[in-house]
4 protein chains.
Amino acid sequence: MTAGRHFLQIPGPSNVPDRILRAMDYPTMDHRGPAFADVGRKALEGMKAVFKTESRVVIYPSSGTGAWEAALVNTLSPGDSVLMFETGHFATLWKGLAEKLGLNPVFIEGDWRSGADADAIEARLREDAGHEIKAVCVVHNETSTGAVSPIHDVRRAMDAAKHPALLMVDTISSLASVDFRHDEWGVDVTVSGSQKGLMLPPGLSFNAISEKAIKASEAAGLKRSYWSWDEMEGPNKTGYFPYTPATNLLYGLNEALDMLLHEEGLENVFARHKRHGEAARAAVEAWGLDVLCKVPEHRSPVLTAVMMPEGHSADNFRAVTLRHYDMSLGNGLSKVADRVFRIGHLGDFNDLMLCGTLSGVEMGLRDAGVPHKAGGVQAAMEVLGRKFDGARAAA
Amino acid sequence: MTAGRHFLQIPGPSNVPDRILRAMDYPTMDHRGPAFADVGRKALEGMKAVFKTESRVVIYPSSGTGAWEAALVNTLSPGDSVLMFETGHFATLWKGLAEKLGLNPVFIEGDWRSGADADAIEARLREDAGHEIKAVCVVHNETSTGAVSPIHDVRRAMDAAKHPALLMVDTISSLASVDFRHDEWGVDVTVSGSQKGLMLPPGLSFNAISEKAIKASEAAGLKRSYWSWDEMEGPNKTGYFPYTPATNLLYGLNEALDMLLHEEGLENVFARHKRHGEAARAAVEAWGLDVLCKVPEHRSPVLTAVMMPEGHSADNFRAVTLRHYDMSLGNGLSKVADRVFRIGHLGDFNDLMLCGTLSGVEMGLRDAGVPHKAGGVQAAMEVLGRKFDGARAAA
Amino acid sequence: MTAGRHFLQIPGPSNVPDRILRAMDYPTMDHRGPAFADVGRKALEGMKAVFKTESRVVIYPSSGTGAWEAALVNTLSPGDSVLMFETGHFATLWKGLAEKLGLNPVFIEGDWRSGADADAIEARLREDAGHEIKAVCVVHNETSTGAVSPIHDVRRAMDAAKHPALLMVDTISSLASVDFRHDEWGVDVTVSGSQKGLMLPPGLSFNAISEKAIKASEAAGLKRSYWSWDEMEGPNKTGYFPYTPATNLLYGLNEALDMLLHEEGLENVFARHKRHGEAARAAVEAWGLDVLCKVPEHRSPVLTAVMMPEGHSADNFRAVTLRHYDMSLGNGLSKVADRVFRIGHLGDFNDLMLCGTLSGVEMGLRDAGVPHKAGGVQAAMEVLGRKFDGARAAA
Amino acid sequence: MTAGRHFLQIPGPSNVPDRILRAMDYPTMDHRGPAFADVGRKALEGMKAVFKTESRVVIYPSSGTGAWEAALVNTLSPGDSVLMFETGHFATLWKGLAEKLGLNPVFIEGDWRSGADADAIEARLREDAGHEIKAVCVVHNETSTGAVSPIHDVRRAMDAAKHPALLMVDTISSLASVDFRHDEWGVDVTVSGSQKGLMLPPGLSFNAISEKAIKASEAAGLKRSYWSWDEMEGPNKTGYFPYTPATNLLYGLNEALDMLLHEEGLENVFARHKRHGEAARAAVEAWGLDVLCKVPEHRSPVLTAVMMPEGHSADNFRAVTLRHYDMSLGNGLSKVADRVFRIGHLGDFNDLMLCGTLSGVEMGLRDAGVPHKAGGVQAAMEVLGRKFDGARAAA
């Protein structure tokens, strides 16, 4: 028995606002009846605004992994080469998925401490004179490391290399938290999921697809049915789906779209995440610990992965923090297992929730006997206060 | 604006009980944290009881269509022949899905007015001396027609033909409403979904898989990742899933399992549906209309498809009924479009809801000018009352 | 364990719409903070529209009984005479309450089979040349009998008698179901509650008060604090309450006001209840049973009290109906205990819910061995269908 | 538009747990039907355990103010003297209420900076040789000042004075947060409400009543009906109430009772509040500000009232904090208006919520230009960590 609210500070699923949970808590409706069209259309139109695209969006009843698969099976043929960049655990999982589907991933190794390197991608593409590489796949916000890849730079690199590959971007943990522009940045397939910046429970995933991607899908040889875009043009026009949609999650999605697009506004949402990322990193610095991502401009507004001092177990620290303070933190995955912990600061989140979160980390470090300096919360409060400096000066 | 509750009498999604909606209306939890194991295990163990299997269950974040695909891609190789029986629209869709995946469906034609014919299946299998057919796929309850296929007979037919094909059964609209026995009937892959007898919103799907099916999966050549059973043995032991599960739907599933297994009891649930099917058909007979399914023992406890008198539009009748009485009925699909309507009487349902439903049909027939005799509700009430004859006699 | 929805067909608490329950399912807010003013003002302004008054409304955190007490203690002095009319059980309870408060009720006896008799009231007032009687108290819709009193006639009777008494009306079970006009009918204090036509759970009660009543309150000698109107002028201006309001019920009230005033519209709500009352009585007539209220124009749109055939127990019938069909019906109270049962058809209710309800009554009568003719539901469906006769003729 | 959860840190209404809101989000039931008895009995029995009494509990559909009135009108007669102690605003309001009811309060003045003074009460009672004083009324936790009165000492003082007056205690903001013992401490009427330690929305209030109080009620001359205990013996036996109860709040109450009595356990709840009070006061001290309550052993585990430095407006500070950090704090009432602010740390609350709260205060002080030292949150974290010192030492 624990009192008060659990602090769910993993980097997704994020905290779901009451309004969204309550919106899902309504009777399922007839997904073929006249009233459904508005539900479906609102969801699809809203998601186009979130992806910043005028093209087409597909919504799947699946988790984000399904949208990874959908991006590949709709556009590629058996044996196709795909250039992928090892930003961390999730980039590696996507590569594994490509292999299982019979593709040939070309994997640019990374050190898990930065986003994708556009120059390395450009160099590799320039080598590919025969255009064997059919797609470049990059994770926008690598959830395992807290590093953001510069997608706009990757696009420019592809253009510089005059390479015709499709650009596919995983925004599962960045969409609606970090600025992303499907059309402007020339992305062909954007992959996303519901349980992070969209503030929903898991169970919905998305593809935003360019005209070039649609054209590619007509010639693509991989077999597909559930993920097929073929029957997905309809929904964008009619609001109806080819098979039973996850109706109650769509109720929640429409509530999220109201909040993100029409109430707080996407740019304010991005600014909020950015400020919270800065405050979290100020706390880490005050504790005398290192942020895993070593490229300052790649550091994520969504999560902060923190390196443990040598000889100390991140998982023990997380267990202590959960037991003492009822807070879930993200674990280190595969290559950094037990060596980092991750603080999620995304979704439906605010200054005092962040202060509570950082207090929990600071007390957990102490309770677990991890060497650190006190003062992290204090440092974060100073960063948070800067927003109001003007108001104070004026007062 | 309509007052009172909408009558959602399509044959699924069915009415979701308040308890299940409320169970889903809780904060999403850390699906990698220690508390999740109980949630995952309870769901998987409970579903084994619902499928009546001791083997393995896989839960997908997807709609039922995904579980159709999962059954095929895990067990078969490109070009494999699968014997499928045309019970109606959904059997036809499954066949289309098999084709898209590169399989070779052998389709036994049906007239959409009965369940699968075990003798015809046996005959076809006897012809297949070379065992080209790798799987027999049958829809247990054909949602488009209201006909139940005799799965036990199909198993006996396969055994009689001494054919080694896998038996795959779609129970999307029958599971937890009509008796089904995965192990006893020798089914290899059972496919199901959340939004019918399980009384949940759409968004979860299931495979129950025999040891024989697992063995087949090891040699199966179709490419797969999201649907792959490979990583799904873990969950059955640990309660954790290989990728983010649809956590809040799992909360709802566990509530449904309590209701079905531990409160009402599966056999009582089956008896309830059977009795409601009988009452609904008594109403149809009193109206002087025909039930689409012409084999009495195949008539479904889950839904009743009713044939319209010649020259009358089922869709017009349904539109009138929705407008006047705020009730959604199922439409006729493809071959029987506009010629039948379907009354769902499944899931979280009781006698007075059925009487309200049949009243709506009877008033809708009248309002839409469809020739019929009054007295359907009266006839249904007589059937419903039989259950209490003993109590009256004793009183 | 029962499947499907319980039929709550007592004459209140009525069925609470999902929207209202969900509106209440939000965190309690600071009732002194700036955001609360809108909540409070919306509730008070909306209730003025429901009462059809331009004067003042008071909202209490209490059940309806509290609003009865409030009406009396704010306007009267110890020993004051109040003329009350015995329409049934609730009128009798109100009289008992007046006695406990030290008032002197003059009770005009009634036979519980009609509303108040305006002529009898006029005659009694004419006898009161010394104006000892300070208030006339009438129950608008007597919930124990299903009889509506003609309030407008009572007002005219008081005017004809040139009597200065205050007119107090209990609309606990009529407000927002049966037309009521506080200002136009010259009512001084209207008493109401949340759990009937307002479609809320119990816990809020109301006084609508005329200027004359406010003036009377200044001289009234009964002691009061919780119920005192003195501090209740504030809320009508500011939206804040003198003590902690039942915040979450106010959330629900505001949702109800949207539905009643801005979506369905009060006049449509009244018409809906009237039509359902007619259909219910057609069923009773078809069963060959008697409606308790014998004055046709007094019969209630909110509930129908039905007399049992001699020698049959209403309570046994209700118990059988609850056990067999999971429907709650109202019991006979005091003078008519076990001799009548009451069917509620109010609040968030529609045609198919009524048909389900009447089916449950008809089957319950049969199961309990109560002599009756079949065909009640059929008769009700004919009444319900009349609304659409024009549409059919036009088609 | 604000992101994340509002911090409702007024000293009640407190944060309502999701489980309680969800428990209230169910259809209202028939409060006269057989299933209700369990609901009513569970609530009444559970509340006896919370009050620590074997005697009788009464539950009202009203806010706490109603329970104040009920305590007086059931036991006293017009003109009776009652000894009341001015602990702060709420004690003063209770005195005003007594005056409105025609009682004669004898008010021992206080300075609003401590709980009641048992010695002063004893002295005053000794003067009352004629036993004109019929009741002693004390507020256990004065919500306006954050001072806890020593009820056990008051009882001893009354015994020492050999005075037969009834002892009445307001526990509206202490019950289920601070240890309270109705029977052991010889309290005759305990008054309480739902929206503080019981973690419910406002709308329920309580009286716990001794045999002596019941005896007094038989002779009490004040008029009463809604508040009358006469008909309230029934509910304690049958679970049914004399008039319509606030059913959905009772659903919530039963959930709260499960959490308090059977899950966390009352003694753990008390310890949690005590520890949070200590941590909050450590923060205030670190800021260099003063706690309003100057008697250390009277300082409240439920709330901390903080004095503003001379010349600074508490209301301006609160407005800034609400605007910048979406947190509601309690205001200073009447005598201390604008001079104190109150931090609520009660109900469904935990360490990280407290740290978030104190961070909000510290940042609000800074933003509002209130002179203070930084480090309050840090100081609180140190106090919170003491609980785990043993674990660290052992590790």
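Criteria and thresholds
Residues numbered from 1 in each chain as written. Chains lettered and ligands numbered in written order. Predicted model: local features only at pLDDT ≥ 70, side-chain atom pairs only at ≥ 80, totals over all residues. UniProt positions renumbered as here; feature names shortened; annotations may be inferred. Helix = DSSP H or I, 4+ residues; strand = E, 2+ residues; numbered from the N terminus. Rg over C-alpha atoms; globule rule 2.2 N^0.38 Å. Contact = placed C-beta atoms within 7 Å. Core = buried A, V, L, I, M, F, W, Y, C linked by C-beta atoms within 7 Å. Buried ≥ 20, exposed ≤ 12 C-beta atoms within 10 Å, placed from the backbone. Least-squares fit on C-alpha atoms with pLDDT ≥ 70 in both. Pairing = 2+ DSSP bridges. pLDDT = per-residue confidence, 0-100. Axes fitted to C-alpha atoms, helices over the stretch in contact; angles between N-to-C directions. Parallel < 35°, antiparallel > 145°, perpendicular 65-115°, else oblique. Left-handed = near helix turned anticlockwise from the far one by under 90°. Nonpolar A, V, L, I, M, F, W, Y, C, P; charged D, E, K, R; others polar. Right-handed = clockwise from strand over helix to strand, strands pointing away. Domains from an automatic or database assignment. Expected span 1.5 Å × (residues − 1).

As named in an unreviewed UniProt entry, chain A is Soluble hydrogenase 42 kDa subunit, taken from Roseovarius halotolerans. The UniProt entry for chain A carries this comment under Sequence similarities (unreviewed entry): "Belongs to the class-V pyridoxal-phosphate-dependent aminotransferase family." Regarding chain A, the relevant UniProt record gives this comment under Cofactor (unreviewed entry): "pyridoxal 5'-phosphate".

Chemist: Explanation requested: the overall build of chain A in the structure shown.
Modeler: Per the secondary structure count, chain A includes 14 helices and 14 strands. Radius of gyration (C-alpha) of chain A: 21 Å, near the 21 Å computed for a compact globule of 395 residues. Within chain A, counting contacts between residues at least 6 apart in sequence, those at least 24 apart form 73% of the total.

Chemist: Even after reading the chapter, I still don't get the nonpolar core, so can you show me in this structure?
Modeler: It is characteristic of soluble globular proteins that their nonpolar side chains tend to be buried jointly. Of all hydrophobic cores here, the largest spans 548 residues; its most connected members are Ala380 of chain A, Ala380 of chain B, Ala380 of chain C together with Ala380 of chain D. Not counting residues within four places of it along the chain, the set of residues in contact with alanine 380 of chain C comprises Ala279, Ala280, Ala282, Ala283, Leu354, Cys355 and Leu358 of chain C.

Chemist: What should I look at first to understand the UniProt feature "binding site: substrate" (unreviewed entry) in chain A in this one?
Modeler: All names here are of chain A. Annotation from UniProt places "binding site: substrate" (unreviewed entry) at Arg342. Relative to the helices and strands, arginine 342 resides in strand E14 (residues 340-344). What makes arginine 342 buried here is the crowd of 26 C-beta atoms within 10 Å. Excluding anything up to four places from it in sequence, arginine 342 contacts Pro11, Gly146, Leu303, Ala305, Leu329 and Gly330.

Chemist: Help me understand the relation of the copies chain D and chain A in this model?
Modeler: One chain copy maps onto the other through a rotation about an axis and a shift parallel to that axis. Superposing chain D onto chain A takes a rotation of 180 degrees combined with a translation of 0.0 Å along the rotation axis, leaving an RMSD of 0.0 Å. The symmetry that links the two subunits is that of a two-fold axis. When C-alpha positions in chain D are compared against the rotation axis, the closest is assigned to glycine 356 of chain D, at 2.1 Å. Looking at the interface residues of chain D, 100% of them are also at the interface in chain A, so both copies use one shared face.

Chemist: Is there a simple way to explain the interface of chain D and chain A in this structure?
Modeler: Note: interface size is frequently given as the accessible area lost on complex formation between the parts. Between chain D and chain A, the residue contacts involve 39 residues of the former and 39 residues of the latter. Looking at the side of chain D that touches chain A, the elements with two or more residues in it are helix H9 (247-264), helix H11 (314-325), helix H12 (351-367), helix H13 (376-385) and helix H14 (389-394) of chain D. In terms of residue count, the dominant contributor to the side of chain D that touches chain A is H12 of chain D (twelve residues).

Chemist: What should I look at first to understand the interface of chain A and chain B in this one?
Modeler: In this assembly, 44 residues from chain A lie in contact with 44 residues from chain B. Every element with two or more residues in the side of chain A that touches chain B is listed here: helix H1 (18-24), helix H3 (64-75), helix H4 (89-100), helix H9 (247-264) and strand E13 (327-331) of chain A.

Chemist: Honestly, the UniProt feature "modified residue: N6-(pyridoxal phosphate)lysine" (unreviewed entry) in chain A in this entry has me stumped. Any pointers?
Modeler: All names here are of chain A. Residues annotated by UniProt as "modified residue: N6-(pyridoxal phosphate)lysine" (unreviewed entry) correspond here to Lys196. Here lysine 196 shows up in the loop between strand E9 (189-193) and strand E10 (204-209). Other than its neighbours up to four places away in sequence, lysine 196 contacts Gly12, Ser14, Ile172, Ser173, Ser177, Leu346 and Gly347.

Chemist: Can you help me understand the pairing of strand E13 (residues 327-331) of chain C in this one?
Modeler: Along any regular strand, the residues point their side chains to alternate faces of the sheet. Residues and elements named next belong to chain C. Extensive coverage of E13 is indicated by the burial of five of its five residues. Note that strand E1 (residues 7-9) and E13 share three bridges and pair parallel. If you follow glutamine 9 over to E13, its bridge partner there is leucine 329. Pairing between E13 and strand E14 (residues 340-344): two bridges, direction antiparallel. Looking at the pairing, asparagine 331 lines up with phenylalanine 341 of E14.

Chemist: Explain the relation of the copies chain A and chain B to me, please; I cannot follow it from the model alone.
Modeler: Aligned on chain B, chain A shows an RMSD of 0.0 Å; the corresponding rotation is 180 degrees and the shift along the axis is 0.0 Å. Interface overlap between copies is the fraction of interface residues in one copy that are interface residues in the other; for chain A against chain B it reaches 100%, indicating a shared surface.

Chemist: I would appreciate a short explanation of the confidence of the model for chain A in the present structure.
Modeler: Segments scoring low in pLDDT should not have their predicted coordinates read at a detailed level. Looking at chain A, pLDDT values average 97 and 99% of them are 70 or higher. Scoring of the predicted complex yields 0.97 for pTM and 0.97 for ipTM.

Chemist: How should the packing of helix H2 (residues 36-51) of chain C against helix H9 (residues 247-264) of chain C be read in this particular structure?
Modeler: For any two helices packed against each other, one specifies the inter-axial angle together with the distance between the axes. Residue and element names in this part refer to chain C. Contact pair H2 / H9: the axes reach a minimum separation of 9 Å and the direction vectors enclose 40 degrees. It follows that H2 is oblique to H9 by the angle criterion. Of the two elements, H2 crosses H9, and the hand of that crossing is left-handed. On the side of H2, the interface is formed by Val39, Lys42, Ala43, Gly46, Ala49 and Val50, while H9 contributes Leu250, Leu253, Asn254, Leu257, Leu260 and Leu261. Residue composition of the contact of H2 with H9, by class: nine nonpolar, two polar and one charged.

Chemist: Sorry, what's going on with the sheet that holds E14 of chain A here?
Modeler: Pairing between the strands of a sheet comes from backbone hydrogen bonds, and it takes one of two forms, parallel or antiparallel. Residues and elements named next belong to chain A. Here we have five strands laid out as an open sheet, ordered E1-E13-E14-E12-E11, and mixed in their pairing. Edge positions in the sheet fall to strand E1 (7-9) and strand E11 (290-291), since each of these pairs with one other strand and no more. Across five bridges, the pairing between strand E12 (residues 303-307) and E14 is antiparallel. Its bridge partner being in E14, alanine 305 is matched across the sheet by arginine 342. Across the face of the sheet, helix H10 (residues 266-287) comes into contact with E11, E12 and E14 while running at roughly 15 degrees to E12.

Chemist: Just to check I follow, could you spell out the pairing of strand E4 (residues 104-108) of chain B for this structure?
Modeler: All names here are of chain B. With five bridges joining them, strand E3 (residues 81-85) and E4 adopt parallel strand pairing. Paired with serine 81 across the bridge in E4 is asparagine 104. A crossover links E3 with its parallel partner E4, the connecting element being helix H4 (residues 89-100), and its sense is right-handed.

Chemist: So what exactly am I meant to see when it comes to the domain arrangement of chain A here?
Modeler: Residue and element names in this part refer to chain A. Segmentation of chain A into domains returns domain 1 (7-13 + 265-390) and domain 2 (18-263). The C-alpha-based centres of domain 1 and domain 2 are spaced at 27 Å. Listed per partner, the contact involves 27 residues of domain 1 and 26 residues of domain 2. When residues of the side of domain 1 that touches domain 2 are traced back to their parent elements, those giving at least two are H10 and E12. Take the side of domain 1 that touches domain 2: its biggest share by element is four residues, from H10. Across the side of domain 1 that touches domain 2, the residue classes tally to 15 nonpolar, seven polar and five charged.

Chemist: It is not clear to me how the sheet that holds strand E11 (residues 290-291) of chain B should be interpreted in this structure. Could you clarify?
Modeler: All names here are of chain B. The strand order across the open sheet built from five strands is E1-E13-E14-E12-E11, with neighbouring strands paired in mixed fashion. Two strands lie at the open edges of the sheet, namely strand E1 (7-9) and E11, each paired on one side alone. Along the sheet, helix H12 (residues 351-367) contacts E1, strand E13 (327-331) and strand E14 (340-344); its crossing angle with E1, the most-contacted strand, is approximately 85 degrees.

Chemist: Which parts of the structure should I look at to understand helix H9 (residues 247-264) of chain B?
Modeler: Residues three or four positions apart in an α-helix share a direction because the helix packs 3.6 residues into each turn. Residue and element names in this part refer to chain B. In this model H9 runs 25 Å from its N-terminal to its C-terminal C-alpha over 18 residues, within 8% of the 26 Å that 1.5 Å per residue would give. Those residues of H9 that fall on the buried side of the exposure criterion are Thr247, Asn248, Leu249, Leu250, Tyr251, Gly252, Leu253, Ala256, Leu257, Met259 and Leu260. Residues of H9 that are buried in the fold lie against helix H1 (18-24), helix H2 (36-51), strand E10 (204-209) and helix H10 (266-287).

Chemist: Help me understand unusual backbone geometry, please; the structure alone is not making it clear to me.
Modeler: Leave glycine aside and you will find that most residues have negative phi; peptide bonds, for their part, are mostly trans. Look at the link from glycine 12 of chain B to proline 13 of chain B: it is a cis peptide, with omega at -5 degrees. Assignment of secondary structure puts proline 13 of chain B in the loop between E1 and H1. Even without being glycine, serine 334 of chain D reaches a positive phi, approximately 40 degrees. Looking at where serine 334 of chain D falls in the secondary structure, it is placed in the loop between strand E13 (327-331) and strand E14 (340-344). On the neighbour-count criterion, serine 334 of chain D (11 C-beta atoms within 10 Å) is exposed.

Chemist: Any chance you could explain the packing of helix H10 (residues 266-287) of chain C against helix H13 (residues 376-385) of chain C here in plain terms?
Modeler: Residue and element names in this part refer to chain C. H13 packs onto H10 with a crossing angle of 145 degrees between their chain directions and a minimal axis gap of 7 Å. Like other packed secondary-structure pairs, H10 and H13 cross with a definite hand, here right-handed. Residues Glu278, Ala279, Ala280, Ala282, Ala283, Val284, Glu285, Ala286 and Trp287 of H10 pack against Gly376, Val377, Ala379, Ala380, Val383 and Leu384 of H13. Per-class residue counts for the contact of H10 with H13 are twelve nonpolar, one polar and two charged.

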